Amino acid sequence: MDEPTILLTNDDGIESAGLRAVYDGLSTVGDVTAVAPAEDQSAVGRAISHEVTVHEHELGYAVEGTPSDCVVAGLEALVTDTDLVVAGCNRGANLGAYVLGRSGTVSAAVEATFFDVPAMAVSMYIPVREDAAFSDIEANGESYREAAKATTYLADHAADAGVFEQCDYLNINAPVAEWGDAQMTVTRPSHLYEMDAVQDGDAVTLHDRIWEHMADGDIPDPEGTDRRAVVDGKVSVSPLTAPHTTEHHEALDAIAETYEPRDSGEAAD
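What you see is a predicted model, and the numbers here were worked out from it, not measured in a lab.

K.L.:
Can you break down the packing of helix H1 (residues 17-26) against helix H4 (residues 145-157) residue by residue, with the values?
P.N.:
The N-to-C vectors of H1 and H4 enclose an angle of 40 degrees; their axes lie 9 Å apart at closest approach. When the axes of H1 and H4 are compared, the pair comes out oblique. In terms of crossing hand, the pair formed by H1 and H4 is right-handed. Residue-level inspection shows Ala21, Val22, Gly25 and Leu26 of H1 in contact with H4, the latter providing Ala148, Thr151, Thr152 and Ala155.

K.L.:
Please give an account of the side chain of Ser123 that cites residues and values.
P.N.:
Inspection of the secondary structure puts Ser123 in strand E6 (residues 119-125). A polar atom in the side chain of Ser123 sits 2.9 Å from the side chain of Asn94. If near-sequence neighbours (up to four positions away) are discounted, Ser123 is found in contact with Cys89, Asn90, Gly92, Ala93, Asn94, Thr105, Ile172, Asn173 and Ala174.

K.L.:
Hey, could you go over the pairing of strand E4 (residues 60-63) for me, with residue numbers and the actual values?
P.N.:
A regular strand places its side chains so that they alternate between the two faces of the sheet. Pairing between strand E2 (residues 31-37) and E4: four bridges, direction parallel. Residue Pro37 lies in a different strand from E4, and its bridge partner there is Val63. Here strand E3 (residues 54-57) runs beside E4; their pairing, made up of four bridges, is antiparallel. Looking at E4, one finds that Val54 is bridged to Val63. Counted along the chain from E3 to the antiparallel partner E4, the turn is two residues long.

K.L.:
Break down the packing of helix H2 (residues 67-78) against helix H3 (residues 104-113) for me, with residues and values.
P.N.:
Two elements in contact, H2 and H3, have axes whose closest approach is 8 Å; the angle formed by their N-to-C orientations is 30 degrees. As summarised for this structure, H2 and H3 are arranged roughly parallel, according to the angle between their axes. In the packing of H2 onto H3, the handedness of the crossing is right-handed. Facing H2, whose interface residues are Pro67, Ser68, Val71, Val72 and Leu75, H3 presents Gly104, Ser107, Ala108, Glu111 and Ala112. Broken down by class, the residue content of the contact of H2 with H3 amounts to six nonpolar, three polar and one charged.

Criteria and cut-off values
- Residues numbered from 1 in each chain as written.
- Predicted model: local features only at pLDDT ≥ 70, side-chain atom pairs only at ≥ 80, totals over all residues.
- Heavy atoms only, no water.
- Axes fitted to C-alpha atoms, helices over the stretch in contact; angles between N-to-C directions.
- Helix = DSSP H or I, 4+ residues; strand = E, 2+ residues; numbered from the N terminus.
- Parallel < 35°, antiparallel > 145°, perpendicular 65-115°, else oblique.
- Left-handed = near helix turned anticlockwise from the far one by under 90°.
- Contact = heavy atoms within 4.5 Å.
- Polar contact = N/O pair within 3.5 Å; in protein donor to acceptor, adjacent residues only side chain to side chain.
- Pairing = 2+ DSSP bridges.
- Nonpolar A, V, L, I, M, F, W, Y, C, P; charged D, E, K, R; others polar.

In structure tokens form, the structure reads like this:
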């Protein structure tokens, strides 16, 4: 089989160490073209633009836009023969069900699935409390070694094994390489949610308390969840589907049936 054509994007920007580490790994198993934001686009979700400016780059293309912009522009105009979209490696974990709509990294993978192109989102967990910025934490190319290794392995084996016949995309979270060689385990997104907010005058500060628990290794997440796996030093791989699902809902059916198109006394136009 010919090597796959891989579109690589991210939300940290095309110059990030994480993207370069994954680019180098994927280049051993496929033909890789980066189509990534020119600047940091973290936590933009699936924000989309009407028009973007594209610049040639040594790795492919730098796009003045969001991760979703990169995927649409890449699949429809720049790398139209793409077999696999990979987003990452993100500086910081993307764990738990509640982050799936926020993360630009994960959103890029989701965007690809609507084009019926299999995708993977990959992130590296950095043990840090919320009051310390990720940008203050040293993370060079070597730090991403485990993430790049896992991504390359899955890019090389997942499609032929039929993985994407049962899911739309994979959400991969790896530990920092200094933790040593990690096992890979299949997980589901954790449902634990501990956002809170504190008001001080005119300002309201939002806190995600999960990071404090993770930094201490003190989390209630059960075995089998993505967050538990990463805190235990494993590579977490969650097979996920992208479209929102709808189910028959008897309670909603009942109230929909009693809805009146207009008030009984309202005259028609």
